[in-house]
Amino acid sequence: EEEEEEEANDNNIISNGPPPPPPHHRLRIHEGRHAFETKTAKEMQRLFLHSLRRGGVKENNEEERTMTSRDDVVVKLSGTGKAPKQKKPEFKKSEFRPVLIKNELKVQLIRFTETQSFTKNFAVHDEEVEGILEDVVANGGYGNWRVDMRDETAYDIRVTKSGDAFVSRSKKSRSSVEEESSRSNHDDEDESKKTNGADSTKRLINTSRKNASFLANDREKKRLMRADDPFLVQVGVSTKDGKIKAAKRDKYKQVEEFLHHLEASLPVASDEEYTSAKKPLNIVDLGCGNAYLTFATYSFLKNTKSMDTNVVGVDVKRQSKEHNEAVAKELGWERDVSFVQGTIEQAEIPGSENVDVCIALHACDTATDQSLVRAVRWKTKLILASPCCHHDLHVRIKKSVTSSSSSSS
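In this text the structure is predicted, and so the values were computed from the model without any measurement.

J.: Looking at this structure, I do not really get the sheet that holds strand β10 (residues 164-170). What am I missing?
T.: As a general point, the strands of a sheet are linked pairwise by backbone hydrogen bonds and lie either parallel or antiparallel. If you walk across this open sheet you meet the 8 strands as β1-β10-β9-β8-β4-β5-β6-β7, and the pairing is antiparallel. Of all strands in the sheet, those bounded by a partner on one side alone are β1 (32-35) and β7 (117-123). When the angles between neighbouring strand axes are averaged without regard to direction, this sheet yields 20 degrees. Sheet analysis places strand β6 (residues 104-112) next to β7, joined by 7 bridges and oriented antiparallel. Note that in β7 the partner of L109 across the bridge is K120.

Below, the structure written as structure tokens:
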């Protein structure tokens, strides 16, 4: 009877928005073998949309922007591989997830090719979301799907030659689920008091709390650079299936740490001119070496922040320039990411009259000082610099100490 009721509501939920479910009614994807297109695909779409649209975002004040805290919220819906007897998917991988952007709940779609990722955000109640969700899930040609839930339940779905779907479910330990549930219920009770007994079916939480962290743009340990970012794969930091190589963990951490500093400092260098896409952000990386941070900066600003960005890397070594240009071409970024061979003091840099951000990390000896001089002369809005080995300073100190000792004797 319950399955019949869910089947009858499928079209209403997708086409007309989700009706309020009866008390204690939990939406789910049925395990076992079922027709993919007419049952499992619809259940996936219904579960994703319904869980986000049920509570929505409630505005009380800036500290109390809220959304649903139900455990059946889908935090990630991803499709990979080719389904039997289907055309090859246009993208290697497609992924839907809920995110908060400027305190507004959005549906984010990320599509991956071998070398690039494309991100688009939609308002939760945008009618276009329903069409795109159905197009990708039911008609995208993917053979493997994974649905990750807020309570860490996961559904794995495999499409067969006959068009059926094998659905399996895994879940974390009972004790951890109960512990999280207890914390969630306590939060719900507190919030219910604040909202003066609002409808009990709308279990709300404050999005500033930790148990709403799944809405961050990247849920995994609040990473700003996804491990499967095309640039990390291209330069050998990640494997082709998007896992950080053990020998490259320190490099990945360095990239992450830098991006956190960049994100925190970005308001200094960008204003309405940039965010409204009227003017690209111009960045110069002095002493870029193998350009890990150069590429990370571009990928983060362009693909994550959706900011038009031009980046120029400068290094004295010819092989660095050639290597970095080859990587940029492989990624399809050569139009926006370019490289110049030359010294920090004398390199001719295109567009240097309009440099917004200057990067100089671990530029050896006096190179940091030279970078600061150029950045100041350019009247750069933001300088991100981290001094390296001070050989010249060490020599001067040593001479000074030796001279002082000789004088005193």
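On we go from here.
J.: Mind showing me how you'd approach the nonpolar core here?
T.: Across soluble globular proteins, you tend to see nonpolar side chains buried next to one another. Membership of the largest hydrophobic core comes to 39 residues, with the highest contact counts inside it found for M225, F231, F258, L259, L262, F295 and L301. At the level of secondary structure, the elements contributing two or more residues to this core comprise α5 (230-234), α6 (249-269), β12 (281-286), α8 (292-304), α9 (318-331), β14 (337-341), β15 (357-361) and β16 (382-386). In terms of nonpolar packing, the next biggest core, distinct from the first, is built from 35 residues, F36, L105, A138 and Y155 among them.

J.: Would you mind going over the pairing of strand β9 (residues 154-159) with me for this structure?
T.: Taken residue by residue, a regular strand's side chains alternate between the two faces of the sheet. Here 5 bridges tie strand β8 (residues 142-149) to β9, and the two strands are oriented antiparallel to one another. Note on β9: the bridge partner recorded for R146 is D156. Between β8 and β9, which follow one another and run antiparallel, lie 4 residues, and E152 among them has a positive phi close to 75 degrees. Bridge count between β9 and β10: 6 bridges; the pairing is antiparallel. Bridge assignment links I157 to a residue of β10, and that residue is V167.

J.: What am I meant to see in the sheet that holds strand β13 (residues 309-315) here?
T.: One open sheet holds the 5 strands; their spatial order is β14-β13-β12-β15-β16, and the pairing between them is parallel. Looking at which strands have only one partner, the edges of the open sheet turn out to be β14 and β16. Strand-to-strand, the axes of this sheet are offset by a mean angle of 15 degrees, without reference to chain direction. One ladder, built from 5 bridges, connects β13 with β14; its direction is parallel. Counted as the bridge partner of V312 is S338 from β14. Contacts from α6 reach β12, β15 and β16, with the element oriented near 155 degrees to β16. Strand contacts of α9: β13 and β14, with the helix running at about 170 degrees to β14, the strand carrying the most contacts.

J.: Sorry if this is basic, but what is going on with the packing of α6 against α8 here?
T.: Two packed helices can be described by the angle between their axes and the distance between those axes. Taken N-terminus to C-terminus, the directions of α6 and α8 make an angle of 50 degrees; their axes are 10 Å apart at the nearest point. Taken together, the axis directions place α6 and α8 in an arrangement best described as oblique. Here α6 and α8 pass one another in a crossing that is right-handed. Residues K251, Q254, V255, F258, L259, L262, E263 and L266 of α6 pack against Y292, L293, A296, T297, F300 and L301 of α8.

J.: Any chance you could explain α9 here in plain terms?
T.: Note on helix geometry: an α-helix contains 3.6 residues per turn, so any two residues three or four positions apart are oriented the same way. Between its first and last C-alpha atoms α9 spans 20 Å; for 14 residues at 1.5 Å apiece the expected length is 20 Å, and the two agree. Within the sequence span of α9, burial applies to S320, N324, V327, A328 and L331. With its buried residues spanning 100 degrees around the axis, α9 presents them on a single face. Exposed positions of α9 whose direction lies more than 90 degrees from the buried face are Q319 and K329. Next to the buried residues of α9 lie α5, α8, β13 and β14.

J.: Would you take a moment to explain the pattern of salt bridges for this structure?
T.: Pairs may arise between side chains of opposite charge once their charged atoms sit close together. On inspection of all chains with the given rule, the structure shows 17 salt bridges. The salt bridge involving E104 is made with K106; its shortest N-O contact spans 3.5 Å. Through salt bridges with shared partners, one network takes in K93, E95, R97, R226 and D228.

J.: Just checking my understanding: could you explain a nonpolar patch on the surface for this structure?
T.: A surface patch of nonpolar side chains, about 230 Å² in accessible area, is lined by L372, V376 and I383. Mapped onto the elements, I383 comes out in strand β16. Overall, the relative accessible area of 33% leaves I383 in the partly exposed class.

J.: Would you explain the environment of P89 in this entry?
T.: By the element assignment, P89 lies in the loop between β4 (74-82) and β5 (93-101). Spatially, the C-alpha atom of P89 lies 5.2 Å from that of G141, the residues being 52 residues apart in sequence. What P89 contacts, discounting residues up to four positions off in sequence, is G81, K82, G140, G141 and Y142.

J.: Honestly, the side chain of S299 in this entry has me stumped. Any pointers?
T.: As for its placement among the helices and strands, S299 is situated in helix α8. By relative accessible area, S299 is classed as buried at 1%. Here S299 is in contact with M225, D229, T304 and W333, once residues within four sequence places are set aside.

Calculation rules
Residues numbered from 1 in each chain as written. Predicted model: local features only at pLDDT ≥ 70, side-chain atom pairs only at ≥ 80, totals over all residues. Heavy atoms only, no water. Pairing = 2+ DSSP bridges. Helix = DSSP H or I, 4+ residues; strand = E, 2+ residues; numbered from the N terminus. Axes fitted to C-alpha atoms, helices over the stretch in contact; angles between N-to-C directions. Core = buried A, V, L, I, M, F, W, Y, C linked by side-chain atoms within 4.5 Å. Buried < 20%, exposed > 50% of the residue type's maximum accessible area, 1.4 Å probe, protein only. Contact = heavy atoms within 4.5 Å. Parallel < 35°, antiparallel > 145°, perpendicular 65-115°, else oblique. Left-handed = near helix turned anticlockwise from the far one by under 90°. Expected span 1.5 Å × (residues − 1). Arc of directions from axis to C-beta. Salt bridge = Lys/Arg side-chain N within 4 Å of Asp/Glu carboxyl O. Patch = residues over 30% accessible without salt bridge, like charges linked within 9 Å, V, L, I, M, F, W, Y side chains within 5 Å. Areas by Shrake-Rupley, 256 points an atom, 1.4 Å probe, with all protein chains shown as cover.

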